[in-house]
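Secondary and tertiary structure notes
Next come the chains, spelled out residue by residue.
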Amino acid sequence: MNTISIFKGKYNFLSNFFTLEVPIAYNGISYPTVEHFYQAMKSLGPTDPGALNPVDRIIIAGDSSPFMARNFGRTIRLRPDWENAKISVMRLGLILKFAANPELKTQLLSTWESVLVEGNHWHDNIWGNCMCPKCANTKGQNLLGYLLMEVRELFRLIK
Ligand SMILES: [Zn+2]
């Protein structure tokens, strides 16, 4: 099996930073990228009891770039269950992304014969696999790649 090991160029659409033609809509808020959605979900929702700052999600959704959303996400007070929730949040973000954008879903399905790995140079060995010399002996967990393959399988089964 061949591997798509970098989400650039032709495979840019696999990146969470890819700007969506149809944004992710969730609970009345639109997110232009999966990154915006993921960062926003770190905060409690507006109707959650004990929400510390119910506007965090709206602020993040309105950030002009996924980089800004990520940086803001680093400053907010995390919901108490975030560690347990984050994989499911990412999975949902990916499902919503590809469900809202059928052309991207077709492109995802066309990678069927490939293993997906988010190769990077920013030392992310949790969601991807860093390819820098320093990380050469660390095998990335590639959680994003596995979730993408899981979602791909889901859309293959449910047409
Ligand atoms: Zn590295």
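Here's what I pulled together on the structure shown here. Only a predicted model underlies this, so the values are computations on that prediction, with no experimental measurement involved. (Residues numbered from 1 in each chain as written. Predicted model: local features only at pLDDT ≥ 70, side-chain atom pairs only at ≥ 80, totals over all residues. Heavy atoms only, no water.)

A few points about the coordination of the zinc ion
For the record, the criterion: Here a donor is an N, O or S atom found within 2.8 Å of the metal, or within 3.2 Å if the metal is Na, K or Ca; sites may look incomplete because water is not among the atoms. Burial classification: accessible surface area is computed with a 1.4 Å probe over protein chains only, and a residue below 20% of its type maximum counts as buried, one above 50% as exposed, and the rest as partly exposed.
Around the zinc ion, the donor atoms from the protein are His 123 (ND1), Cys 130 (SG), Cys 132 (SG) and Cys 135 (SG), and they sit 2.1 to 2.4 Å away. Along the chain, the residues that donate to the zinc ion are spaced as H-x6-C-x1-C-x2-C. You can call His 123 partly exposed: its relative accessible area is 44%.

Thoughts on the packing of helix 5 (residues 102-109) against helix 6 (residues 143-157)
To keep things clear, this is the line we draw: For helices, the fitted axis covers only the stretch in contact; all axes are lines through C-alpha atoms, and the angles between them, taken along N-to-C directions, range from 0 to 180 degrees. In this text, helices come from DSSP runs of H or I with a minimum length of four residues, and strands from runs of E with a minimum of two, each type numbered from the N-terminal end. These descriptions rest on fixed angle ranges, namely under 35 degrees for roughly parallel, over 145 for roughly antiparallel, 65 to 115 for roughly perpendicular, and the rest for oblique. Residue contacts are counted whenever heavy atoms from the two residues lie within 4.5 Å of one another. Gly falls in the polar group here, along with every residue not listed as nonpolar (Ala, Val, Leu, Ile, Met, Phe, Trp, Tyr, Cys, Pro) or charged (Asp, Glu, Lys, Arg).
Taken N-terminus to C-terminus, the directions of helix 5 and helix 6 make an angle of 105°; their axes are 10 Å apart at the nearest point. Our classification of the angle between helix 5 and helix 6 gives roughly perpendicular. Judged by residue contacts, Lys 105, Leu 108 and Leu 109 of helix 5 engage Leu 148, Val 151, Arg 152, Phe 155 and Arg 156 from helix 6. Across the contact of helix 5 with helix 6, the residue classes tally to five nonpolar, no polar and three charged.

By themselves, these observations are geometric and do not establish any function.
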